[in-house]
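Below are the chains, spelled out letter by letter.
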Amino acid sequence: MTDSELRQAFDQHKDAVYRFAWRMTGSPEASEDIAQEVFLSLVRRPESYDPARGSLRAFLLGAARNQALKRFREEQRWDVLEEEDFAAAPVLHVDVVDAVAAAVQALPPLQREALILAEYEDLSLEEIARAVETEVGAVKARLHRARENLRKALAPFYETNPRRVGHGI
Amino acid sequence: MEFNDQKLKELLQKWEAPPAPRELFFRVFPTPPWWRWLWTGSIRVPVPVGLAALVVLGVVWFWNREPVSVPQGSVSLADFHPVDQLEPRIIRGVNYEH
């Protein structure tokens, strides 16, 4: 990759990488650090991206995911990244945006990353599987559990305004 | 009504993330100190501009060049004296072996 190609890649994907890190960590500072690490590693070792293995966007989001999990492990915020028994509780927020943010960030990291990549970054199941280094079946299971947990967490918002969910609460 | 995937998706889309901050660019592509440009920088000049600049430089040089020094005044032969007596010697050859 030439310097101009690297800058073009940065311009095209910086927002997706930052957004993903922001939703995963909930911290602007951590998100900026993660995005910086992701692009610096691409600048230092551009050959690490193999176009035959998928899109650059999916590759960068996978790198951001690895950085985010590394932080979680260092900070010991989660003892187990995948908690199959995790059961979400209804979120207690007045504002729907805060409620959605709290519900997503309460998910165990592996469920959260699969959900963010699918719902917010529009990656296919195969792309998510490649980004998170697992099988498509595992991604499907994580997505299923994540959606079930979110339904439980956000039930109060839906039950009070079932017709207005799509039109702003 | 059922709280299905579509309804959940609509609810999730209400949580928007901010774009990447501008500072991120400078953290990934740091700007080198300005003086480094003096060693490593380059300038792209369009050919017409470069040619025009060369012509201007040529004209400036032509008009400001040092004039050729010409001896002041006229040359006088008043103090010129021809040689009184020529004594030509003809050397026919030199034998360097002896």
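Residues numbered from 1 in each chain as written. Chains lettered and ligands numbered in written order. Predicted model: local features only at pLDDT ≥ 70, side-chain atom pairs only at ≥ 80, totals over all residues.

So, the overall build of chain A
Note the following rule: Secondary structure elements follow DSSP: runs of H or I no shorter than four residues count as helices, runs of E no shorter than two count as strands, and numbering proceeds from the N terminus. To sort residues by exposure, count the other C-beta atoms lying within 10 Å of each residue's C-beta; 20 or more gives buried, 12 or fewer gives exposed, and values between give partly exposed, all with C-beta atoms placed from the backbone. The contact criterion used is a C-beta to C-beta distance within 7 Å, with each C-beta placed from the backbone.
Along its length, chain A carries seven helices and zero strands. Tracing chain A from N to C terminus, the helices and strands come up as α-α-α-α-α-α-α. Burial statistics for chain A: of 169 residues in total, 40% are counted as buried. Restricting the contact set of chain A to residue pairs at least 6 apart, pairs at least 24 apart contribute 68%.

Looking at the overall build of chain B
Of the regular secondary structure elements, chain B holds four helices and zero strands. Listing the helices and strands of chain B from first to last along the sequence gives α-α-α-α. In chain B, which comprises 98 residues, the proportion classed as buried is 4%.

What to know about the interface of chain A and chain B
Just so we agree on the cut-off: Residue classes follow a fixed rule: Ala, Val, Leu, Ile, Met, Phe, Trp, Tyr, Cys and Pro count as nonpolar, while Asp, Glu, Lys and Arg count as charged, and any other residue, Gly among them, counts as polar.
Between chain A and chain B, the residue contacts involve 30 residues of the former and 21 residues of the latter. Looking at the side of chain A that touches chain B, the elements that each hand over two or more residues are α1 (3-25), α2 (28-44), α4 (96-106) and α7 (136-160) of chain A. Broken down by element, the side of chain A that touches chain B gets its largest block of residues, eight residues, from α1 of chain A. Partitioning the side of chain A that touches chain B into residue classes produces 19 nonpolar, two polar and nine charged.

Some words on the packing of α1 of chain A against helix α3 (residues 56-75) of chain A
Residues and elements named next belong to chain A. What counts here: With axes taken as lines fitted to C-alpha atoms, and helix axes fitted only over the stretch in contact, angles between N-to-C directions fall between 0 and 180 degrees. Note on convention: the crossing is left-handed when the near helix lies turned anticlockwise from the far helix by less than a right angle, right-handed when the turn is clockwise.
Between α1 and α3, the shortest axis-to-axis distance is 9 Å and the interhelical angle comes to 35°. Here α1 runs over α3; the crossing is right-handed. Packed against α1, whose contacting residues are A9, H13, A16, V17, F20, A21, M24 and T25, the element α3 presents L56, R57, L60, L61, A64, A68 and R71 at the interface. Split into classes, the residues belonging to the contact of α1 with α3 amount to 11 nonpolar, two polar and two charged.

Some words on the nonpolar core
Stated formally: In this description, a nonpolar core means buried residues of the types Ala, Val, Leu, Ile, Met, Phe, Trp, Tyr and Cys, linked to one another by C-beta atoms lying within 7 Å. Segmentation of the chain into domains, including their bounds, is taken from an automatic or database domain assignment.
Membership of the largest hydrophobic core comes to 49 residues, with the highest contact counts inside it found for V17, A21, A35, L61, A64 and L154 of chain A. Put simply, the parts of the chain that give this core at least two residues each are α1, α2, α3, α4, α5 (109-119), α6 (125-131) and α7 of chain A together with α1 (5-12) of chain B. Looking at which domains feed residues into this core, each of domain 1 (1-77) and domain 2 (82-169) of chain A gives three or more. Among residues more than four places away in sequence, those in contact with A21 of chain A are A30, S31, I34, A35, A64 and A68 of chain A.

Some thoughts on unusual backbone geometry
All names here are of chain A. For D122, which is not a glycine, the phi torsion comes out positive at approximately 55°. Here D122 lies in the loop between α5 and α6. Residues other than glycine seldom take positive phi values, yet E133 does so here, at roughly 55°. Considering the arrangement of structural elements, one finds E133 in the loop between α6 and α7. Residue classification places E133 among the exposed positions, given that 10 C-beta atoms sit within 10 Å.

Structural notes on the confidence of the model for chain B
Rules: pLDDT expresses how confident the predictor is about each individual residue, on a scale running from 0 to 100.
Residue-level pLDDT values for chain B average 84, and 91% of them are 70 or greater. Mean pLDDT in chain B bottoms out at helix α3 (residues 36-40) of chain B, which sits at 82, and peaks at helix α4 (residues 47-64) of chain B, which reaches 95.

Looking at α4 of chain B
Heads up, the rule is: For a helix, the expected span equals 1.5 Å multiplied by the residue count minus one.
Taking 1.5 Å of rise per residue, 18 residues should cover 26 Å, and α4 of chain B covers 26 Å from first to last C-alpha, within 8% of that figure. Burial analysis of α4 of chain B places just zero of its 18 residues in the buried class, a small minority of the element.

Things to note about the environment of P156 of chain A
Among the structural elements, P156 of chain A can be located in helix α7. Taking the C-alpha atoms as reference, P156 of chain A lies 6.8 Å from P90 of chain A; in sequence the two are 66 residues apart.

Some thoughts on the packing of α1 of chain A against α5 of chain A
Residues and elements named next belong to chain A. Interhelical geometry of α1 versus α5 gives an angle of 145° and a closest axis separation of 10 Å. The handedness of the crossing between α1 and α5 is right-handed. On the side of α1, the interface is formed by F20, R23 and M24, while α5 contributes R112, E113 and I116. Of the residues contributing to the contact of α1 with α5, the split by class is three nonpolar, no polar and three charged.

Quick look at the environment of H13 of chain A
Residue and element names in this part refer to chain A. If you trace the backbone, H13 turns up in helix α1. Look at H13 and you get buried, because 23 C-beta atoms sit within 10 Å. Through-space distance from the C-alpha of H13 to that of L61 is 9.0 Å; in sequence the pair is 48 residues apart. Setting aside anything within four residues of it in sequence, one finds H13 in contact with L56, R57 and L60.

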